[in-house]
Amino acid sequence: METFGYTGKILRVNLSTGSVYTDDTLKYKEFIGGEGMSMKIMWDEVPAGTHPFAPENKIIFGAGPLCGTGAPCSGRTNITSLLPSSPFHGIASSHMGGYFATELKYAGYDLIVIEGKAASPVWLRIEDEKVRIEDARWMWGKGIFDTQAMVASFMGKEAQVAAIGQAGENLVNLSVIRTGTSHSAGGHGGVMGSKNLKAIGVRRTGSVKIAASGKDWLELDSYMMSIIGANNQMVVPSTPQPWAEYSDKGSRWTGRKGLFWGAANPPVETGECDPHDMQSVGLRTMKAIFDLGAGAEKYTVRMGGCSHCPIRCHSQLKIPQLEKYGLDPYVANTCVGWSGPRGVMCYGIKDFDGNTGPDAGIVGNAIGTTLADDYGVWCNYAQIGRDLKYCYEKAVFKRVLGAEEYASIPWNKLLNGDATFYFDFYERVAFKKGEFSHIADGSYWIAQRWNLGEDYWNDKNGKLWTRGGYPVHHSNEAGAQVGALISCFSNRDSQNHSHMNFIGSKLPVALQKEIAGEIFGSPEALDAPAVYTKMNVYKARFVKYSLVRSMLHNSLTLCNWMWPMAVSPLKERKYRGDTSLESKFYSLATGMRMSEKELDEMAAKCFTLQRAYTIMQMNTVDLRNAHDQTTEWPITPDHAKDGTDIPQFTPGSIQMERSDMELGRTMVYREFGWDETTGAPTRSYLESVGLKDVADRLAAAGLLPG
Amino acid sequence: MGVIFPNKKPRSAEAVADSPGAPSPAQPAHEPPAPAERADREAYALRLIEFIRAESSGGRLTSLSTLASRFPTPEELSKELGFSIASVIAEGPDASDLKKMEGSSDAWYFSESTITGSYALHLLRTEEKDPLMLIAETVRDESRIYPRPTDLTFFTDPPFSMNERELSQALERMELRPDMSDIKRCAASNGATYLYSTKYLGETLAETLAEWIEVGQKQNP
Amino acid sequence: MKDFPEKREGESWFEKPRSRKDFLKMAGGSIAGLLVTASLAGAGKWEDSEAKELRVWAIPSGVIVQDPSRCVGCKRCEFGCSTRNSGKMSSELSRIKVSRNLNYGVYGVTAAYAKADGQMGNFRIVAETCRQCEKPACGNACPMNAIYADARTGARVVDVKRCVGCGKCVQACAWNLPTVDPETRKTSKCTSCEGDPTCVKLCPTGAIRYMDYKEAENLLWGADANSGATVVSGATT
């Protein structure tokens, strides 16, 4: 039977028994795909209390119905499993870009569900319907780049590979699964390692079918391309341009005359990038100078990214100086793929000759990024660097490491900005050498193990957002309570840009408020930067929209660093976007007509399922107090120079306020239809969305509210 | 190996509504010219209009004085009662995309199809050769529209491209101007200097925003 | 150049009967004194000295060329091509081939992959595009004469009614560019989308151009060539 959007097949692999079989995707279609379906499978099959490294845990690589259709920005892979760095091993998803998910779809699979544990290192070889579990003994111990090359040498140069490095093999909590040159999914590397699964290779000859005609599909693509902006859907250029009414130096739309991909052969000028010019969409986001400073222009070969994305937000650099350090000159990444490692060199970076300055920072940073990407070490959204600094400055290392181990660490390199510190740091972490390596356990576990007190959690510079051990990630600095509340609802750093792709558009605030009013019911949904107001229902709607859309994107799969399209760069559209695009693409692809509201409700149901699973894992219905609280510093007023408090909601302050946040939680719970006291899903809500079985199981465990 | 595909400079040909450019003053009424003369008048207007559009495609304004020197008016037309280049353009073939801005000593044209009113205003202020007004007015606009303080490097980068000496001299002189007393400075912790207008932004907010732009955004990628 | 007999009035150069006027219209602009000036004694074929049948092909008006310095590996070209031309999304069926060279370049995985072409090396992505060869090996190899030159563009296109999916075109092509669709058992190849290539329109960096054939010759074949086929053919980049 022909399926549209979906391939119709889930690949199931049991590494303990070696059995490989397929299951029917469409029996889970009410959970959309990707993350939604993964939540359902985990709910059904992995009991709460399972350890992430136990064979009974499952790890699910998910694509969705839009993956492989060519819809703009539809190349992401969702990975769902239990998270080793979480205090209660919370269910969580990580994501990687690149080309893996589309290859999986063309090979004929919507998801891969992996369980069990192989007796010895293996890799999974997928070539359309031929799926084999292969011996990985010669790959085990290799870095991720070599591993991918080895798989491709077996399968052919077109194979796309997901792999772990030594960090994942050694069950480091903060480890990644990676694909391609620069795409990392943070947190689940050890889960693959615990299963003795080194890599997954996919080679395909198939296709993805859509219900609509090719003509209609290309028309919708063309419409979306007219609305799309730059990275994070910023729709304003960073410099004044003749075609633009506005400009903003903080914008990722950095393309302009005189700005080049300097290491291309010949150099490629990014140019004016008029939003009507469809052949310059991929030139708008010259991310290298955004992430690394002006000095990165000359190193930039091109911008890269994920399958079927025109934006290209990964900087691909050639840095010849890396060869002095014994590394290959080619390095690529984006955002925290750079700043995470940079944060490890917490006292700055000097170059080979001892100079500081922008180029020194770039070369040194690239060493860290290369090593992290090869060993497969995660940064916990840059938290690892802050934890390192804290533990050094507060003499925690002096206390917990033996004298010999302490003396063996090249602290002088760290203090002097010598980037060769990275070689020592990443090796210790990836191979779990010594007590020091526990810095990569995750903040909660570090705090436990090394008895870090309350001042660790309440240090504003430490940026820990919740007691789960995750940092700020577009939190109170992103739309006041909107970002602050979004960050409370995940079991990891929130990985949510639904709100950023609107708040960060760089349009004038008055215009954004107008648009917010159209989407959420009132301009009060959006506060001006640092001019914060008290909580209101419109902000709660904005929070729900953001949480729901993130789940939706991770299920379809679409890139949550671009979608939703709340705004556009077009003056003739008065900068309005189209938030119904997800449902339009979904309807045309699958043939199952879904309105914007209906699709959002499906995603809300998936998000509620994640909530229900979290309740089972935490064994409490009171998520408000056990899960959704921030640490103290976000709700503490700033101090003026004379030491007096600056009250929250004073212009210039971005601090939140305790009771206001509690009100915010209540309002968000209400938006979702959950119990307003605890934040737990109610039986009536669960039954209304077809999750009666979930309600029954929660009730049996005494975990339904009221 | 040469460049295969040199960068294109495509421009949208769509006319765009609602330019914020300065309105042109009312043209003096006069009798319409006779048919034969009208053809010459139209041909002349078309040359002017096409030149303005071509310049606009290149991101440039066109002044009335430039038009007058590049396209000397034909004698028959210059004898018309109430003749002006501006009226020729205004009454010429459809030029609804053309906008006119009055400067202190000249007037400036652009096509809205290829330059927005905001950008044209930046260019106009540069053409006026009054760096103090350029800085003050731009800072006031930024403080009002976005609202945000303005980084000093905004003025040394295109399209203003002031040099450092020009900029620092202008800033010193501005401090002596009572009509510019609303323009204040603030600094981010990395040393970057910003300007803001107290008409639209308070000191604390301006400082907070400058710090966010310079430091906070980079710490929250 | 061989001494060919004069073409008789009303005779066609191709399998599909065409008027002389059509032929000249199609080929005239780009020929520049080359190749097909001869007349035929039959239905577009004659025998050479080795008694092998040859067909005569008009020069295409345009050909698609990719610039590796601008290609960002987004694969929108592949998506657009397969959607428009096969009605489904498939890198395999795309007539412009990026995926095959994306990670490790034209030559594939080597021990020195970290500095070789491809995303995993020096980031250079070389797409392979149909050259619309003057003497198309695909068309000449087809036992069913299912590949012919389009009347308007000269692009070498597939008549799916005649195609039996034998794959000889794939083997014959020096770059294995035609692809047999395993679902339909018909081959597929670049048609230049009737002179308005979809890949060109969908490329977000302007890395793909539809160029005049003569202009493109050097880029595809000569010493200045940028594209992957030229690497295969031995010319340096």
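Residues numbered from 1 in each chain as written. Chains lettered and ligands numbered in written order. Predicted model: local features only at pLDDT ≥ 70, side-chain atom pairs only at ≥ 80, totals over all residues.

Caption draft 1: Geometry of the overall build of chain A. Scanning chain A for helices and strands turns up 26 helices and 21 strands. Computed over C-alpha atoms, the radius of gyration of chain A comes to 24 Å, within 12% of the 27 Å expected from 2.2 N^0.38 for 706 residues, which places it in the range of a compact globule. Residues counted as buried form 64% of the 706 residues belonging to chain A. Relative to all contacts within chain A whose residues are 6 or more apart in sequence, the contacts with residues 24 or more apart total 66%. (Helix = DSSP H or I, 4+ residues; strand = E, 2+ residues; numbered from the N terminus. Rg over C-alpha atoms; globule rule 2.2 N^0.38 Å. Buried ≥ 20, exposed ≤ 12 C-beta atoms within 10 Å, placed from the backbone. Contact = placed C-beta atoms within 7 Å.)

Caption draft 2: The overall build of chain C, seen in detail. Along chain C, the regular secondary structure elements total eight helices and eight strands. Looking at the 237 residues of chain C, the share that counts as buried comes to 51%. Summarising the internal contacts of chain C: among those between residues at least 6 apart in sequence, 60% fall at separations of at least 24.

Caption draft 3: Structural detail: the nonpolar core. If you look at the biggest cluster of nonpolar residues, it comprises 310 residues, and the most contacted ones within it are Ile112, Val377 and Ala603 of chain A together with Ile64 of chain C. Residue contacts for Ala603 of chain A: discarding those within four places in its chain leaves Ile32, Gly36, Val548, Met551, Leu552 and Ser555 of chain A. (Core = buried A, V, L, I, M, F, W, Y, C linked by C-beta atoms within 7 Å.)

Caption draft 4: Region of the structure containing the packing of helix H1 (residues 34–45) of chain A against helix H20 (residues 537–556) of chain A. Residue and element names in this part refer to chain A. Running from N to C, H1 and H20 cross one another at 90°; their axes reach a closest spacing of 4 Å. Considering their axes alone, H1 and H20 lie roughly perpendicular with respect to each other. Residues Gly34, Glu35 and Gly36 of H1 form the contact with H20, whose own contacting residues are Met551, Asn554, Ser555 and Leu556. Residue composition of the contact of H1 with H20, grouped by class: two nonpolar, four polar and one charged. (Axes fitted to C-alpha atoms, helices over the stretch in contact; angles between N-to-C directions. Parallel < 35°, antiparallel > 145°, perpendicular 65-115°, else oblique. Nonpolar A, V, L, I, M, F, W, Y, C, P; charged D, E, K, R; others polar.)

Caption draft 5: Expanded view of the domain arrangement of chain A. Residue and element names in this part refer to chain A. Splitting chain A by domain gives domain 1 (9–203), domain 2 (317–462) and domain 3 (473–563 + 595–700). With centres defined by C-alpha atoms, the gap from domain 2 to domain 3 works out at 32 Å. Domain 2 puts five residues into the contact, and the matching count from domain 3 is five residues. Here the residues of the side of domain 2 that touches domain 3 are counted per class, giving two nonpolar, one polar and two charged. (Domains from an automatic or database assignment.)

Caption draft 6: Helix H3 (residues 144–155) of chain A, seen in detail. Residue and element names in this part refer to chain A. Between the first and last C-alpha of H3 there are 16 Å, a value that for 12 residues agrees with the 16 Å anticipated at 1.5 Å per step. Among the 12 residues of H3, nine are classified as buried, and the element is accordingly described as predominantly covered. All of the buried residues along H3 are Ile144, Phe145, Thr147, Gln148, Ala149, Met150, Val151, Ala152 and Met155. Buried residues in H3 make contact with strand E7 (122–127), strand E9 (160–163), strand E10 (176–179), strand E12 (197–203) and helix H9 (358–375). With its phi angle positive at about 115°, Gly156 sits one or two positions after the end of H3. (Expected span 1.5 Å × (residues − 1).)

Caption draft 7: Quick look at helix H2 (residues 100–107) of chain A. All names here are of chain A. The buried fraction of H2 is high, at eight of eight residues. Among the residues of H2, Phe100, Ala101, Thr102, Glu103, Leu104, Lys105, Tyr106 and Ala107 are the ones counted as buried. Residue Gly108 follows H2 closely and has a positive phi angle near 110°.

Caption draft 8: Just the sheet that holds strand E1 (residues 9–14) of chain A, in detail. Residue and element names in this part refer to chain A. Reading across from one edge, E2-E1-E6-E3-E4-E5 is the order of the six strands in this open sheet, with mixed pairing throughout. The sheet is open, and its two edges are formed by strand E2 (19–24) and strand E5 (91–96), each paired on a single side. Neighbour-to-neighbour, the strand axes of this sheet turn through a mean angle of 20°, independent of strand direction. Pairing analysis gives five bridges linking strand E3 (residues 58–62) to strand E6 (residues 111–115), with the strands arranged antiparallel. Opposite Lys58, over in E6, you have Glu115 as the bridge partner. (Pairing = 2+ DSSP bridges.)

Caption draft 9: The interface of chain A and chain C, seen in detail. Contact residues are listed per partner, giving 44 residues for chain A and 37 residues for chain C. Counting only elements with at least two residues in the side of chain A that touches chain C, the list comes to H3, helix H6 (214–227) and strand E15 (300–304) of chain A. In terms of residues, the side of chain A that touches chain C owes the most to one element, H3 of chain A, which gives five residues. Here the residues of the side of chain A that touches chain C are counted per class, giving 18 nonpolar, 20 polar and six charged.

Caption draft 10: Structural context of the sheet that holds strand E4 (residues 150–151) of chain B. Residue and element names in this part refer to chain B. The strand order E4-E6-E5 describes an open sheet built from three strands, whose pairing is antiparallel. The open sheet has two edge strands, E4 and strand E5 (183–187), and neither has a second partner. One ladder, built from five bridges, connects E5 with strand E6 (residues 193–197); its direction is antiparallel. If you follow Cys186 over to E6, its bridge partner there is Tyr194. Helix-sheet contacts for helix H6 (residues 131–145) involve E4, E5 and E6, and the interaxial angle to E6 is about 75°.

Caption draft 11: Expanded view of the environment of Thr66 of chain B. Along the chain, Thr66 of chain B falls in helix H2 (residues 64–70). The exposure class assigned to Thr66 of chain B is partly exposed, which follows from the 17 C-beta atoms found within 10 Å.

Caption draft 12: A look at the pairing of E12 of chain A. Residue and element names in this part refer to chain A. Within E12, seven of the seven residues are buried, which leaves it mostly tucked inside the rest of the structure. Pairing geometry for E7 and E12, over six bridges, is parallel. Residue pairing for E12: Arg125 is matched across the bridge by Gly201. Across four bridges, E9 lies against E12 in antiparallel orientation. Bridge pairing in E12 links Gln160 to Val202.

Caption draft 13: Here's a closer look at unusual backbone geometry. Cis geometry is found at the peptide bond from Asn265 of chain A to Pro266 of chain A, where omega equals 0°. Mapped onto the elements, Pro266 of chain A comes out in the loop between strand E13 (260–261) and strand E14 (268–269). With an omega of 5°, the peptide bond running from Pro158 of chain B to Pro159 of chain B counts as cis. As for its placement among the helices and strands, Pro159 of chain B is situated in the loop between helix H7 (153–156) and helix H8 (164–174). Its identity as a non-glycine residue notwithstanding, Cys73 of chain A has a phi of 65°, on the positive side. Structurally, Cys73 of chain A is set in the loop between E3 and strand E4 (77–82). Look at Cys73 of chain A and you get buried, because 28 C-beta atoms sit within 10 Å. You will see that Cys273 of chain A, though not glycine, has its phi angle at about 50°, which is positive.

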